[in-house]
Amino acid sequence: MMNAVHMRPRAPAKLSLPAGATRQMSGRFVVKAAKVADGPKVAIVGVTGAVGQEFLRVRWCRVLKARDFPYSDMKMLASARSAGRTYEFDGNTYTVEELTDSSFDGVDIALFSAGGSISKKFAPIASDAGCTVVDNSSAFRMTEGVPLVIPEVNPDAMSGMKYGQGGIIANPNCSTIIALMAVTPLHREAGVKRMVVSTYQAASGAGQAAMEELELQTREALEGKPVTQNIFPFQYAFNLFSHNSPVTDTLYNEEEMKMVKETAKIWNNNDVKITATCIRVPIMRAHAESINLEFDKDLSAERALELLAAFPGVSVINNPEENIFPTPLVASNQDDVYVGRVRRDISRDDSKGLDLFVCGDQIKKGAALNAVQVAELLL
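To continue, consider the layout of surface pockets. Reported here for the largest pocket is a volume of approximately 1000 Å³. If you trace the largest pocket, you find 42 residues lining it, with S113, A114, G115, G205 and G207 closest to the centre. Breaking the lining of the largest pocket down by element, the ones donating at least two residues are α1 (50–54), α3 (116–128), α6 (254–267) and α9 (364–376).

Here's what the structure looks like:
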């Protein structure tokens, strides 16, 4: 068995791994960014939310700097009740403006993370004004003609699009992004025939208020007090439950169907069979996913680990001898998606089945980081 942890360098912070884990580094592009006069003007729509705030955090600023994203100015947009707040970004202070029909005059790229209803109303307005929109909501994901993009997976879907020329690009659902970062290199090698996914999804997927309520409930439960339940109809702390999205006529909830439909669009393949069960767990910001794969061709666990270790944006933590594998805590606040527990499916008599366990930060690669990577492709 492969006993290795494959990590990519990320400065200045270093990831602390469990005892017994080892590292193997492979390269990542590292360059410096700057505010430049001729760069695109960028707007963040929904800047006060969990994903919007991720764009502005110190860690996130480091990502922007490391990714050589040039910009001439930054505009921060939110609802009327948030207008007037101030935020620091890259050494400058910005005042939040109310989102209106005229907010996108002179803006080249808009990163939307304010919910589907806001995106449906304002993304077309922004596009008509010549602003290219990267939308993190589900509003346009399945709209024909709107690219649904994970830059490491299907960058060609937005080929020819440039900033300042209008258009909308959709960010996939966080669970889809995290799953396909791990599964795509295997799919390219052996062809995925069927995928069975069980997700264990963090509070951050339900927004900043859900994260705050999980923290509050944890304190209340430990103190023996009745817990505050404003976000979910169940106690969240020390509990888990079926994902809170509506259940469809198929008896799958909307989150599960997003994984089915979005995978088909991203891979441009309607033949892959997918079934998913999505569960909300009391973790703050990183999702975990258990994935079973059936392939068209033979694929060994050893070869799968090689493919995963070589894929950009993926790190392997796979140490069966010491039982060290990915965890949501290790994945939190990190750029990469972490994969481990890679093993042959022993329920099969052939070598066409594998199981793996995947963890990824829902706010970063599941949302904000993927959006900025998409915006990079517009430059």
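Here the narrative resumes, following the displayed structure.
The subject of this paragraph is the packing of aromatic side chains. Applying the stated criterion across every chain, the model contains 5 aromatic pairs. Measuring from centroid to centroid gives 5.0 Å for F234 and F241, while their planes differ by 35 degrees, and the two rings are tilted. Relative accessible area serves as the criterion here: at 7%, F241 is assigned to the buried category. Aromatic ring contacts, followed pair by pair, group F232, F234, Y236 and F241 into a single cluster. Between the NZ or CZ atom of R341 and the centre of the ring of F325, over which it lies, the distance is 5.4 Å.

Take Q362: it is sitting in the loop between β17 (353–361) and α9. A distance of 3.4 Å separates a polar side-chain atom of Q362 from the backbone nitrogen of G205. Look past the residues within four positions of Q362 in its chain and what remains in contact with it is C174, S204, G205, R285, A286, H287 and A367.

Looking at the protein chain, pLDDT values average 88 and 87% of them are 70 or higher. Of the regions scoring below 50 in pLDDT, residues 7–33 engages in 72 contacts with residues more than four places distant in sequence or in other chains.

Further remarks concern the nonpolar core. Of all hydrophobic cores here, the largest spans 59 residues; its most connected members are F104, F112, L186, M195, I291, L293 and L356. Broken down by element, this core gets its largest block of residues, 9 residues, from helix α4 (residues 174–190). Apart from the residues lying within four places of it in its own chain, the contact partners of L293 are V183, L186, V192, R194, M195, K352, G353, L354 and L356. Membership of the second largest hydrophobic core comes to 24 residues, among which are I44, Y71, M158 and M161.

In the contact formed by α4 and helix α7 (residues 301–310), the axes pass within 9 Å of each other and the chain directions differ by 120 degrees. Classed by the angle they form, the pair α4 and α7 counts as oblique. Once α4 is placed against α7, the crossing between them reads as right-handed. Counting all contacts with α4, which are made through A182, P185, L186 and E189, the residues of α7 involved are R303, A304, L307 and L308. Of the residues belonging to the contact of α4 with α7, the class tally is 6 nonpolar, no polar and 2 charged.

Conventions and cut-offs
Residues numbered from 1 in each chain as written. Predicted model: local features only at pLDDT ≥ 70, side-chain atom pairs only at ≥ 80, totals over all residues. Heavy atoms only, no water. 1 Å grid on protein atoms, 1.4 Å probe; cavity = no way out; pocket = protein on both sides within 12 Å on 5 of 7 lines; lining within 4 Å. Points joined across faces, edges and corners; volume = space filled by probe spheres on them. Helix = DSSP H or I, 4+ residues; strand = E, 2+ residues; numbered from the N terminus. Phe/Tyr/Trp six-rings, centres within 6.5 Å; stacked < 30°, edge-to-face > 60°. Buried < 20%, exposed > 50% of the residue type's maximum accessible area, 1.4 Å probe, protein only. Lys NZ or Arg CZ within 6 Å of the ring centre and 35° of its normal. Polar contact = N/O pair within 3.5 Å; in protein donor to acceptor, adjacent residues only side chain to side chain. Contact = heavy atoms within 4.5 Å. pLDDT = per-residue confidence, 0-100. Core = buried A, V, L, I, M, F, W, Y, C linked by side-chain atoms within 4.5 Å. Axes fitted to C-alpha atoms, helices over the stretch in contact; angles between N-to-C directions. Parallel < 35°, antiparallel > 145°, perpendicular 65-115°, else oblique. Left-handed = near helix turned anticlockwise from the far one by under 90°. Nonpolar A, V, L, I, M, F, W, Y, C, P; charged D, E, K, R; others polar.

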